Amino acid sequence: MQENNNNLEIQINDDIFPRLLGVGDENIRYIANHFKSRLTARDGKISAYGPRDEIDQIRRIFCDLEAMCRARSEVSADDIRTIIRLSGASATHKPDSNNSEYDEVKVVETVRGLIRTRNALQEQYVRKIEKMTIVFSIGPAGTGKTYLAVAMAIDRFQRRMVDKIILVRPVVETGETLGFLPGDIQEKVDPYFRPLYDALDEMLSRERVRRFIDKGFIEIAPLAYMRGRTLNNAFVILDEAQNTTSGQMKMFLTRLGVGSNAVLTGDLTQIDLPDPAASGLLEARGLLQGIKGIGFVEFSDRDVVRHQLVADILRAYQGNAMSGETQQ
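Figured I'd write up the structure that's included with this text.

1. A word on helix H11 (residues 280–287)
Part 1 of the argument: Restricting attention to buried positions, one finds in H11 the residues Gly280, Leu281 and Ala284. Take H11 and look down its axis: the buried residues cluster within an arc of 95°, on one side only.

Structure, rendered in structure tokens:
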């Protein structure tokens, strides 16, 4: 067994090292308690000795932890737990490439630091957006589907690869029609787009977002507004795509013009249509697989990068749904 052990040494910048260790080295102790490997931290260096599979996982943990320390002033215990959980998922959830290891990807530089992928499936997602014209991202809340799509849109725009960013959502009404809601049409639809606004504000700052919207560089519109248009040189995101009908999905996909890319995100467990089986996203997943230029990435609760409780909640609901199906 001794010959299967490996050594690991990671040099950490002096300005990050104390925050990475945590108060009283609590972060290092917490991580060490999850492994058999011997783990030490001294003079700006993390050292580990133990089984090869553990060493690979420990390397991923500290790469993610260092990136998080660069982007944030503080790292919480929940952040550490999430990083440990995702490092285990990365070992079995590899991207479909010849590279056997997960390489952290820089997505875009924002006012709050760099946005990087947090696990191997997120990396696969970003790579597909880079290479394909249309990418479907399917999975539960908290997996970074919309956040990374917005980051990639901003990256393309900042590098002048597209002329504008178009953010689209189906407006599924819940008891009230838009006509009876107060305000003009933009004020009526804004609440539906709050998650997209939040991502934009975090990456660009609220002032720049408003300026780009005023100049037409960023357009935010309900799905119905896409009918009859041809979208050229644009990065288009259709969020909450599970709430499109078959006809709406076909209409949206056929709007793409020259130089445009589309990312469609959705969660098939949260369909708000009267007939969930009529979801355009569900149909598209069955019809469009294997078409050149169209890619699919499917996340699960293992890929949640929010609070650990989000993953636990998703699993509880999934277990309850399966139990209900069994009883029926």
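2. Concerning the pattern of salt bridges
Part 1 of the argument: The tally for this structure, following the rule as stated, stands at 12 salt bridges.
Part 2 of the argument: As a salt-bridge pair, Arg210 and Asp201 come within 3.8 Å of each other at their nearest N and O atoms.
Part 3 of the argument: We note a salt bridge from Arg229 to Glu219, for which the minimum N-O separation is 2.6 Å. Taken together, the residues Arg229 in the loop between strand S8 (218–222) and strand S9 (234–238) and Glu219 in strand S8 connect sequence positions 10 residues apart.
Part 4 of the argument: One salt-bridge network, held together by shared partners, links Glu123, Arg127 and Glu130.

3. Focus: the packing of aromatic side chains
Part 1 of the argument: The tally for this structure, following the rule as stated, stands at 5 aromatic pairs.
Part 2 of the argument: Measuring from centroid to centroid gives 5.7 Å for Tyr125 and Phe299, while their planes differ by 85°, and the two rings are edge-to-face. Of this pair, Tyr125 sits in helix H5 (residues 120–131) while Phe299 sits in the loop between strand S11 (294–298) and helix H12 (308–327), placing them 174 residues apart in sequence.
Part 3 of the argument: The exposure class of Tyr125 is buried, given its relative accessible area of 0%.
Part 4 of the argument: Ring centres of Phe157 and Phe217 lie 5.6 Å apart, and the angle between their planes is 45°; on these two criteria the pair is classed as tilted. With Phe157 in helix H6 (residues 145–158) and Phe217 in the loop between helix H9 (206–215) and S8, the pair connects residues that are 60 residues apart, well separated along the chain.
Part 5 of the argument: For Phe157, a relative accessible area of 16% translates into the label buried.
Part 6 of the argument: What links up through ring pairs into an aromatic cluster is the set Phe157, Phe212 and Phe217.

4. Brief notes about the pairing of strand S3 (residues 45–51)
Part 1 of the argument: Bridge count between strand S2 (residues 38–42) and S3: 5 bridges; the pairing is antiparallel. Bridge pairing links Ala41 to Ile46 in S3.
Part 2 of the argument: The turn linking S2 back onto S3 is made up of 2 residues, and Asp43 within it adopts a positive phi angle of 55°.

Criteria and thresholds
All chains use their own residue numbering, which begins from 1 and follows the written sequence. With the structure being a predicted model, the display of local features is reserved for residues of pLDDT at least 70 and the display and counting of side-chain atom pairs for 80 or more, all residues being used for whole-chain, interface and lining totals. Only hydrogens and water are set aside when side-chain values are computed; all heavy atoms of the structure are taken into account. Classification of residues uses two cut-offs on accessible area relative to the type maximum, computed with a 1.4 Å probe and protein chains only: under 20% is buried, over 50% is exposed, and between them is partly exposed. Here a strand is any run of E in DSSP of at least two residues, a helix any run of H or I of at least four, and the numbering for each starts at the N terminus. In this description, one arc is meant: the one made by directions from the helix axis to the C-beta atoms. In the sections that follow, a salt bridge refers to a side-chain nitrogen of Lys or Arg positioned within 4 Å of a carboxyl oxygen of Asp or Glu. Only centres within 6.5 Å qualify two rings of Phe, Tyr or Trp (six-membered ring in Trp) as a pair; their planes then separate them into stacked at under 30 degrees, edge-to-face at over 60, and tilted for everything else. Paired strands, as defined in this entry, are two strands with at least two bridges between them according to DSSP.

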